[in-house]
Amino acid sequence: MKVLIVGAEAIGSLMAYRLAVAGHNVTAVGSGAFAQAVAQRGLLVEQNGHVSRAPQINAVSSVESLDQVDFDLVLITTKAFDTAVAAVQVQRFARQGAPLLMLQNGVGGVDVAIGLLGPEQLYAGITTMPVQVLKPAVLRLLESRGGLGLAAIDSAQELDSLAQLFVEAGLKTQIYADCLAMQWSKLTLSMLANAIPAILDWPLDRILADRRLIQLERDAACEAWAVVQRLKLRLVALPGYPVPQLIRGLCALPPRLAYPIFRRAILHRRGGRPSPLQQDLKKGRPKSEVTFLNGAVARAGEQAGV
(Lines give C-alpha, C1' and ligand atoms only; values in the text may rest on other atoms or scores of the structure.)
Protein backbone atom coordinates (compact mmCIF):
# COMPACT_ATOMS: atom_id res chain seq x y z
CA MET A 1 0.00 0.00 0.00
CA LYS A 2 0.96 3.63 -0.49
CA VAL A 3 0.79 5.24 2.96
CA LEU A 4 1.15 8.92 3.86
CA ILE A 5 2.05 9.83 7.45
CA VAL A 6 1.64 13.48 8.44
CA GLY A 7 3.45 14.30 11.69
CA ALA A 8 6.61 12.18 11.84
CA GLU A 9 7.55 12.67 15.48
CA ALA A 10 7.63 9.78 17.96
CA ILE A 11 4.49 7.82 17.01
CA GLY A 12 4.46 8.92 13.37
CA SER A 13 8.06 7.82 12.90
CA LEU A 14 7.35 4.49 14.61
CA MET A 15 4.37 3.88 12.31
CA ALA A 16 6.54 4.74 9.30
CA TYR A 17 9.18 2.26 10.46
CA ARG A 18 6.73 -0.60 11.11
CA LEU A 19 4.80 -0.14 7.87
CA ALA A 20 7.98 0.16 5.79
CA VAL A 21 9.39 -3.02 7.36
CA ALA A 22 6.10 -4.74 6.46
CA GLY A 23 6.74 -3.87 2.81
CA HIS A 24 4.54 -0.83 2.27
CA ASN A 25 5.47 2.29 0.32
CA VAL A 26 5.69 4.97 3.05
CA THR A 27 5.89 8.74 2.70
CA ALA A 28 6.48 10.54 6.01
CA VAL A 29 6.07 14.29 6.53
CA GLY A 30 8.13 15.72 9.38
CA SER A 31 10.51 18.53 10.20
CA GLY A 32 13.30 19.58 7.88
CA ALA A 33 15.78 17.93 10.25
CA PHE A 34 13.79 14.67 10.08
CA ALA A 35 13.67 14.66 6.27
CA GLN A 36 17.40 15.40 6.03
CA ALA A 37 18.31 12.70 8.56
CA VAL A 38 16.26 10.04 6.74
CA ALA A 39 17.87 11.01 3.43
CA GLN A 40 21.35 10.73 4.94
CA ARG A 41 21.15 7.59 7.11
CA GLY A 42 17.57 6.32 7.08
CA LEU A 43 15.07 5.92 9.92
CA LEU A 44 16.55 4.04 12.89
CA VAL A 45 14.80 2.31 15.79
CA GLU A 46 16.62 1.05 18.89
CA GLN A 47 15.11 -1.66 21.08
CA ASN A 48 16.87 -3.73 23.75
CA GLY A 49 20.23 -2.36 22.62
CA HIS A 50 19.69 -3.45 19.00
CA VAL A 51 19.38 -0.84 16.24
CA SER A 52 17.41 -1.51 13.05
CA ARG A 53 17.07 0.62 9.93
CA ALA A 54 13.78 0.90 8.05
CA PRO A 55 13.65 0.11 4.35
CA GLN A 56 13.42 3.03 1.95
CA ILE A 57 11.11 5.79 3.22
CA ASN A 58 10.25 8.93 1.29
CA ALA A 59 10.71 11.68 3.90
CA VAL A 60 9.65 15.24 3.15
CA SER A 61 9.25 18.42 5.20
CA SER A 62 5.89 19.53 3.76
CA VAL A 63 2.80 18.01 2.20
CA GLU A 64 2.87 20.73 -0.44
CA SER A 65 6.16 19.36 -1.80
CA LEU A 66 4.47 16.09 -2.81
CA ASP A 67 3.48 15.54 -6.39
CA GLN A 68 -0.12 14.50 -6.87
CA VAL A 69 -0.18 10.93 -5.52
CA ASP A 70 -3.07 8.54 -4.90
CA PHE A 71 -2.47 7.24 -1.36
CA ASP A 72 -4.25 4.15 -0.08
CA LEU A 73 -4.13 5.35 3.53
CA VAL A 74 -3.35 8.63 5.31
CA LEU A 75 -2.26 8.75 8.97
CA ILE A 76 -2.43 12.03 10.90
CA THR A 77 -0.08 11.68 13.86
CA THR A 78 0.46 15.36 14.66
CA LYS A 79 -0.14 16.80 18.12
CA ALA A 80 -3.84 17.49 18.59
CA PHE A 81 -3.33 21.26 18.45
CA ASP A 82 -2.02 20.91 14.87
CA THR A 83 -5.04 18.91 13.66
CA ALA A 84 -6.62 21.74 11.68
CA VAL A 85 -3.44 22.42 9.72
CA ALA A 86 -2.90 18.72 8.99
CA ALA A 87 -6.54 18.21 7.97
CA VAL A 88 -6.36 21.05 5.45
CA GLN A 89 -3.10 19.66 4.06
CA VAL A 90 -4.59 16.22 3.36
CA GLN A 91 -7.92 17.39 1.92
CA ARG A 92 -6.84 16.62 -1.65
CA PHE A 93 -6.08 13.01 -0.70
CA ALA A 94 -9.40 12.71 1.12
CA ARG A 95 -11.17 13.90 -2.02
CA GLN A 96 -9.49 11.02 -3.86
CA GLY A 97 -11.12 8.59 -1.42
CA ALA A 98 -8.18 7.70 0.86
CA PRO A 99 -9.20 6.63 4.38
CA LEU A 100 -7.72 8.84 7.11
CA LEU A 101 -6.67 7.53 10.51
CA MET A 102 -6.24 10.03 13.36
CA LEU A 103 -3.62 8.76 15.83
CA GLN A 104 -3.57 11.32 18.63
CA ASN A 105 -3.71 11.87 22.37
CA GLY A 106 -6.59 13.59 24.10
CA VAL A 107 -10.16 14.43 23.20
CA GLY A 108 -11.13 17.06 20.64
CA GLY A 109 -8.74 16.60 17.73
CA VAL A 110 -11.03 14.19 15.91
CA ASP A 111 -13.90 16.68 16.16
CA VAL A 112 -11.72 19.31 14.47
CA ALA A 113 -10.93 16.86 11.66
CA ILE A 114 -14.60 15.94 11.22
CA GLY A 115 -15.45 19.62 10.82
CA LEU A 116 -12.92 19.97 7.99
CA LEU A 117 -13.03 16.56 6.31
CA GLY A 118 -16.37 15.02 7.26
CA PRO A 119 -16.80 11.72 9.14
CA GLU A 120 -17.15 9.30 6.23
CA GLN A 121 -13.46 8.46 5.68
CA LEU A 122 -12.18 9.22 9.18
CA TYR A 123 -11.09 6.63 11.74
CA ALA A 124 -9.86 7.26 15.30
CA GLY A 125 -6.86 5.58 16.88
CA ILE A 126 -4.72 5.61 20.01
CA THR A 127 -1.31 4.16 20.79
CA THR A 128 0.14 2.90 24.06
CA MET A 129 3.69 2.18 22.91
CA PRO A 130 6.30 4.07 24.96
CA VAL A 131 8.69 5.50 22.38
CA GLN A 132 11.32 8.22 22.67
CA VAL A 133 12.88 10.40 19.97
CA LEU A 134 16.64 10.48 20.65
CA LYS A 135 17.33 12.78 17.72
CA PRO A 136 15.68 13.35 14.32
CA ALA A 137 14.82 9.96 12.72
CA VAL A 138 16.31 7.99 15.65
CA LEU A 139 13.80 6.34 17.99
CA ARG A 140 14.05 4.21 21.11
CA LEU A 141 11.23 1.79 21.87
CA LEU A 142 11.30 1.58 25.67
CA GLU A 143 9.42 -1.70 26.09
CA SER A 144 7.53 -4.23 24.02
CA ARG A 145 4.15 -3.97 25.70
CA GLY A 146 1.55 -1.61 24.31
CA GLY A 147 -0.07 -1.41 20.93
CA LEU A 148 -2.71 0.26 18.82
CA GLY A 149 -6.42 0.86 19.33
CA LEU A 150 -8.84 1.58 16.46
CA ALA A 151 -12.43 2.78 16.44
CA ALA A 152 -14.91 3.78 13.76
CA ILE A 153 -16.38 7.27 13.78
CA ASP A 154 -19.28 6.27 11.53
CA SER A 155 -21.10 3.11 12.62
CA ALA A 156 -21.19 1.91 9.01
CA GLN A 157 -17.40 1.77 8.78
CA GLU A 158 -15.56 -1.55 8.62
CA LEU A 159 -12.30 -1.84 10.54
CA ASP A 160 -11.10 -5.41 10.03
CA SER A 161 -8.92 -4.75 6.98
CA LEU A 162 -7.35 -1.67 8.57
CA ALA A 163 -6.62 -3.59 11.76
CA GLN A 164 -5.11 -6.45 9.76
CA LEU A 165 -2.72 -4.01 8.10
CA PHE A 166 -1.23 -3.08 11.48
CA VAL A 167 -1.27 -6.64 12.81
CA GLU A 168 0.82 -7.69 9.80
CA ALA A 169 3.17 -4.79 10.64
CA GLY A 170 3.81 -6.41 14.04
CA LEU A 171 1.56 -4.19 16.16
CA LYS A 172 -0.82 -5.48 18.82
CA THR A 173 -4.07 -4.05 17.51
CA GLN A 174 -7.50 -3.92 19.11
CA ILE A 175 -10.81 -2.69 17.69
CA TYR A 176 -13.15 -0.74 20.00
CA ALA A 177 -16.89 -0.41 19.52
CA ASP A 178 -17.07 2.98 21.26
CA CYS A 179 -14.73 5.66 19.91
CA LEU A 180 -15.27 8.05 22.85
CA ALA A 181 -14.70 5.32 25.44
CA MET A 182 -11.38 4.50 23.78
CA GLN A 183 -10.34 8.17 23.61
CA TRP A 184 -11.30 8.99 27.19
CA SER A 185 -9.54 5.86 28.48
CA LYS A 186 -6.35 6.97 26.76
CA LEU A 187 -6.86 10.50 28.09
CA THR A 188 -6.98 9.31 31.70
CA LEU A 189 -3.77 7.36 31.10
CA SER A 190 -2.04 10.26 29.36
CA MET A 191 -2.95 12.69 32.15
CA LEU A 192 -1.11 10.77 34.88
CA ALA A 193 2.04 12.60 36.07
CA ASN A 194 2.01 14.80 32.98
CA ALA A 195 0.95 18.36 33.87
CA ILE A 196 2.48 18.61 37.35
CA PRO A 197 6.06 17.74 36.24
CA ALA A 198 5.65 20.35 33.49
CA ILE A 199 4.35 23.04 35.87
CA LEU A 200 7.09 22.45 38.46
CA ASP A 201 9.81 21.34 36.01
CA TRP A 202 10.66 18.52 38.39
CA PRO A 203 11.92 15.03 37.48
CA LEU A 204 9.44 12.19 37.82
CA ASP A 205 11.11 10.57 40.82
CA ARG A 206 10.81 13.82 42.80
CA ILE A 207 7.09 14.03 41.96
CA LEU A 208 6.53 10.42 43.00
CA ALA A 209 8.35 10.97 46.30
CA ASP A 210 5.97 13.75 47.38
CA ARG A 211 2.69 12.46 48.81
CA ARG A 212 1.03 15.87 48.40
CA LEU A 213 1.64 15.79 44.66
CA ILE A 214 0.53 12.17 44.36
CA GLN A 215 -2.69 13.15 46.12
CA LEU A 216 -3.16 15.97 43.62
CA GLU A 217 -2.59 13.52 40.76
CA ARG A 218 -5.11 11.20 42.35
CA ASP A 219 -7.69 14.00 42.61
CA ALA A 220 -7.23 14.85 38.92
CA ALA A 221 -7.58 11.21 37.85
CA CYS A 222 -10.72 10.76 39.95
CA GLU A 223 -12.22 13.94 38.51
CA ALA A 224 -11.60 12.60 35.00
CA TRP A 225 -13.25 9.30 35.98
CA ALA A 226 -16.26 11.20 37.39
CA VAL A 227 -16.61 13.06 34.09
CA VAL A 228 -16.40 9.78 32.13
CA GLN A 229 -19.18 8.31 34.27
CA ARG A 230 -21.35 11.42 33.89
CA LEU A 231 -20.92 11.15 30.11
CA LYS A 232 -22.27 7.58 30.45
CA LEU A 233 -19.05 6.10 29.11
CA ARG A 234 -17.05 3.16 30.42
CA LEU A 235 -13.29 3.07 30.72
CA VAL A 236 -11.82 0.26 28.63
CA ALA A 237 -8.57 -1.68 28.81
CA LEU A 238 -6.00 -0.49 26.29
CA PRO A 239 -3.23 -2.62 24.75
CA GLY A 240 -0.81 -3.32 27.59
CA TYR A 241 -2.66 -1.18 30.15
CA PRO A 242 -5.66 -2.25 32.29
CA VAL A 243 -7.00 1.32 32.53
CA PRO A 244 -10.28 0.57 34.41
CA GLN A 245 -8.49 -1.37 37.15
CA LEU A 246 -5.75 1.26 37.39
CA ILE A 247 -8.11 4.23 37.75
CA ARG A 248 -10.55 2.42 40.04
CA GLY A 249 -7.65 1.28 42.23
CA LEU A 250 -6.19 4.77 42.37
CA CYS A 251 -9.55 6.32 43.33
CA ALA A 252 -11.16 3.62 45.48
CA LEU A 253 -8.29 2.19 47.49
CA PRO A 254 -6.88 3.91 50.58
CA PRO A 255 -3.77 6.01 49.85
CA ARG A 256 -1.30 3.50 51.32
CA LEU A 257 -2.47 0.94 48.74
CA ALA A 258 -3.26 3.31 45.86
CA TYR A 259 0.06 5.17 45.78
CA PRO A 260 2.27 2.13 45.02
CA ILE A 261 -0.07 1.20 42.13
CA PHE A 262 0.24 4.74 40.77
CA ARG A 263 4.03 4.77 41.08
CA ARG A 264 4.45 1.42 39.31
CA ALA A 265 2.12 2.38 36.47
CA ILE A 266 3.88 5.68 35.82
CA LEU A 267 7.43 4.34 36.13
CA HIS A 268 6.66 1.52 33.67
CA ARG A 269 5.10 3.92 31.18
CA ARG A 270 7.65 6.74 31.36
CA GLY A 271 10.91 4.90 31.89
CA GLY A 272 12.46 7.93 33.58
CA ARG A 273 11.69 10.34 30.71
CA PRO A 274 10.25 13.82 31.29
CA SER A 275 6.48 13.97 30.81
CA PRO A 276 5.24 14.82 27.28
CA LEU A 277 3.97 18.24 28.39
CA GLN A 278 7.31 18.88 30.10
CA GLN A 279 9.16 17.95 26.90
CA ASP A 280 7.00 20.37 24.88
CA LEU A 281 7.86 23.21 27.26
CA LYS A 282 11.57 22.39 27.14
CA LYS A 283 11.41 22.52 23.33
CA GLY A 284 9.88 25.99 23.53
CA ARG A 285 6.67 25.04 21.75
CA PRO A 286 4.07 27.81 21.91
CA LYS A 287 1.24 25.28 22.37
CA SER A 288 0.80 22.06 24.29
CA GLU A 289 -1.62 19.14 24.37
CA VAL A 290 -2.88 20.13 27.84
CA THR A 291 -5.91 21.75 26.15
CA PHE A 292 -6.91 18.32 24.82
CA LEU A 293 -6.10 16.45 28.07
CA ASN A 294 -6.78 18.25 31.37
CA GLY A 295 -8.60 20.94 29.39
CA ALA A 296 -10.97 18.38 27.89
CA VAL A 297 -11.84 17.17 31.40
CA ALA A 298 -12.52 20.74 32.55
CA ARG A 299 -14.74 21.52 29.54
CA ALA A 300 -16.72 18.28 29.70
CA GLY A 301 -16.96 18.53 33.48
CA GLU A 302 -18.43 22.02 33.28
CA GLN A 303 -20.98 20.91 30.71
CA ALA A 304 -21.87 17.77 32.71
CA GLY A 305 -21.98 19.48 36.10
CA VAL A 306 -18.93 17.76 37.60
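Residues numbered from 1 in each chain as written. Predicted model: local features only at pLDDT ≥ 70, side-chain atom pairs only at ≥ 80, totals over all residues. Heavy atoms only, no water.

Enquirer: I keep staring at helix α2 (residues 32–41) and nothing clicks. Help me out?
Expert: Because an α-helix packs 3.6 residues into every turn, residues spaced three or four apart end up facing the same way. Within α2, burial applies to Phe34, Ala35, Ala37 and Val38. Looking straight down α2, one finds that the buried residues subtend no more than 165° of arc, so they occupy a single side. Away from the buried face of α2 by more than 90 degrees, exposed residues Ala39 and Gln40 are located. If you follow the buried residues of α2, they end up packed against α1 (10–21), β2 (25–29) and β5 (58–60). Following α2 by one or two positions, glycine 42 has its phi on the positive side, about 85°. (Buried < 20%, exposed > 50% of the residue type's maximum accessible area, 1.4 Å probe, protein only. Helix = DSSP H or I, 4+ residues; strand = E, 2+ residues; numbered from the N terminus. Arc of directions from axis to C-beta. Contact = heavy atoms within 4.5 Å.)

Enquirer: Sorry, what's going on with the packing of aromatic side chains here?
Expert: Within a pair of aromatic rings, the relevant descriptors are the distance that separates the centres and the angle that separates the planes. One pass over the structure, following the stated rule, counts 1 aromatic pair. Sitting over the ring of tyrosine 241, arginine 145 keeps its end group 4.2 Å from the ring centre. A cation over an aromatic ring shows up here: arginine 206 above the ring of tryptophan 202, its NZ or CZ 3.5 Å from the ring centre. (Phe/Tyr/Trp six-rings, centres within 6.5 Å; stacked < 30°, edge-to-face > 60°. Lys NZ or Arg CZ within 6 Å of the ring centre and 35° of its normal.)

Enquirer: Explain the environment of isoleucine 114 here, please?
Expert: Along the polypeptide, isoleucine 114 turns up in helix α5 (residues 109–117). Judged by its relative accessible area of 26%, isoleucine 114 falls in the partly exposed class. For isoleucine 114, the residues in contact, after removing those within four places along its chain, are Pro119, Leu122 and Ile153.

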